[in-house]
There are 2 protein chains.
Amino acid sequence: MRMAELSRTTGVPVPTIKYYLREGLLPAGERTRPNQANYDDSHVRRLRLVRALLDLAGMTIIRAREVLDAIDDPGTTSRQVLGTAQRSVAQSDGSVRVEDREWAMGALAEVADARGWHLHDRGHVLDSLIATLVAIRDVGQHILLARLEDYATVADQIAEVDVSCFAEATTLEEQVELATAGTALTDTLLANLRRIAQKNALPPDWP
Amino acid sequence: MRMAELSRTTGVPVPTIKYYLREGLLPAGERTRPNQANYDDSHVRRLRLVRALLDLAGMTIIRAREVLDAIDDPGTTSRQVLGTAQRSVAQSDGSVRVEDREWAMGALAEVADARGWHLHDRGHVLDSLIATLVAIRDVGQHILLARLEDYATVADQIAEVDVSCFAEATTLEEQVELATAGTALTDTLLANLRRIAQKNALPPDWP
């Protein structure tokens, strides 16, 4: 199909499609004439994925490109595939002070030991986790910090559902998509479900 | 304290503080001379909250301002307070087609009925939830859709922890901060914990 039809099928305006092509988020179509290219169903699917990552998972262009690169060039083992899932989480700028990092690692070590989590070698995610814990402390939300154990327990339950999904994927490519794009999209899914559940969880005698 | 000290205490550069003042994210200091103002501990705390919302919760300036406005002007009942928590979630552009919306509502109704969730009157969050479900379907991740029930179960568990935190808050202002900023920051916390838990949840015989 031509670009106009790709636009109609996906609802993405032509100038936006051209922007994604320039940014390397969408592979070029098959060139048929100097100023004309053909697109197929793989472009439709990719374009929907790009929109989902940008609009719903809230990724930047740079992060979305990292995820798409991982999908296009998957690791060779399932464990490496899991590693690429790390790219779909917000990156901290790494500006946490040494003493704050030590405090956060202390709080995490307890929780991690209890569940057999390995915190070493978790660079990107661990940095973001540490920055988040320090921020929660610094804005004075100690009530939340005291529940770190409870949130970790829920995280284990989410991960169990996630991993059972990965196990259902039949190809390595599908595993990578689930671990990266799927994890990012279900972050948003969970954030929304959680807010609906919050109101329901209020005791009836609340004012 | 003067702006230079506010900058040193929080690690936020002076030009950034000026930007936040212009954008209405930080209240003006007490003016002492035409070109000089005094800031206090409330500014330190607010500045840390602004950074947490922008950098870690990944909010836009507009969304962060909505959350801060809610904190500064809380509702009069705890239920209204919960309503403001909705502002901390990503907004969809609402461009979901009627038939897609109906499909998503059908999938949600089953899950909601089973747990007594009320889906009516959940405008903002429901729109975002519907858009996310449609996106997950359109990128072909049917494995995830089949687990909507499981993710809803986990959302209920997160909400239980959340609401028990709200109950510990002693002032209405603290409740609003927990429901808005706290929920947004624990979205990020959970996203990170989940990724650490994922690797741990892999069966040992995985390749």
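Just so it is clear, the model here is predicted, and its values are computed rather than measured.

### Concerning the pairing of strand S1 (residues 30–33) of chain A
The pairing of S1 of chain A with strand S2 (residues 36–38) of chain A spans three bridges and is antiparallel. Its bridge partner lying in S2 of chain A, Arg 33 of chain A is registered against Gln 36 of chain A.

### Here's the deal with the packing of aromatic side chains
All names here are of chain B. A complete count under the given rule lists two aromatic pairs over all chains for this structure. Aromatic pair Tyr 19 and Tyr 20: ring centres 6.1 Å apart, planes at 45 degrees, arrangement tilted. Across the ring face of Trp 117, the terminal group of Arg 115 is positioned such that the distance to the ring centre comes to 5.6 Å. Its guanidinium or amino end placed over the ring of Trp 103, Arg 137 lies 4.5 Å from that ring's centre, counting from NZ or CZ.

### Let's talk about the interface of chain A and chain B
At the junction of the two partners, chain A supplies 84 residues and chain B supplies 84 residues. Carbon and sulfur atoms supply 66% of the area buried between chain A and chain B, which totals about 8,300 Å² over both sides. Viewed at the interface, chain B and chain A are joined by eight salt bridges. Among the ionic pairs, Arg 195 of chain A bridges to Asp 187 of chain B, the shortest N-O distance being 2.8 Å. Applying the counting criterion to the chain A and chain B interface returns 28 residue pairs in polar contact (both at pLDDT 80 or more).

### Some remarks on the packing of helix H4 (residues 61–72) of chain A against helix H10 (residues 172–201) of chain A
Residues and elements named next belong to chain A. Relative orientation of the contacting elements H4 and H10 amounts to 160 degrees, with a least axis distance of 8 Å. In terms of orientation, H4 lies roughly antiparallel with respect to H10. Of the two possible hands of crossing, H4 and H10 adopt the one that is right-handed. The residues of H10 that touch H4, namely those facing Val 67, Ala 70 and Ile 71, are Glu 173, Val 176, Glu 177, Thr 180 and Ala 181. Its residues placed into classes, the contact of H4 with H10 shows five nonpolar, one polar and two charged.

About the thresholds
- Residues numbered from 1 in each chain as written.
- Chains lettered and ligands numbered in written order.
- Predicted model: local features only at pLDDT ≥ 70, side-chain atom pairs only at ≥ 80, totals over all residues.
- Heavy atoms only, no water.
- Pairing = 2+ DSSP bridges.
- Helix = DSSP H or I, 4+ residues; strand = E, 2+ residues; numbered from the N terminus.
- Phe/Tyr/Trp six-rings, centres within 6.5 Å; stacked < 30°, edge-to-face > 60°.
- Lys NZ or Arg CZ within 6 Å of the ring centre and 35° of its normal.
- Contact = heavy atoms within 4.5 Å.
- Buried area = accessible area lost by both parts, 1.4 Å probe.
- Salt bridge = Lys/Arg side-chain N within 4 Å of Asp/Glu carboxyl O.
- Polar contact = N/O pair within 3.5 Å; in protein donor to acceptor, adjacent residues only side chain to side chain.
- Axes fitted to C-alpha atoms, helices over the stretch in contact; angles between N-to-C directions.
- Parallel < 35°, antiparallel > 145°, perpendicular 65-115°, else oblique.
- Left-handed = near helix turned anticlockwise from the far one by under 90°.
- Nonpolar A, V, L, I, M, F, W, Y, C, P; charged D, E, K, R; others polar.

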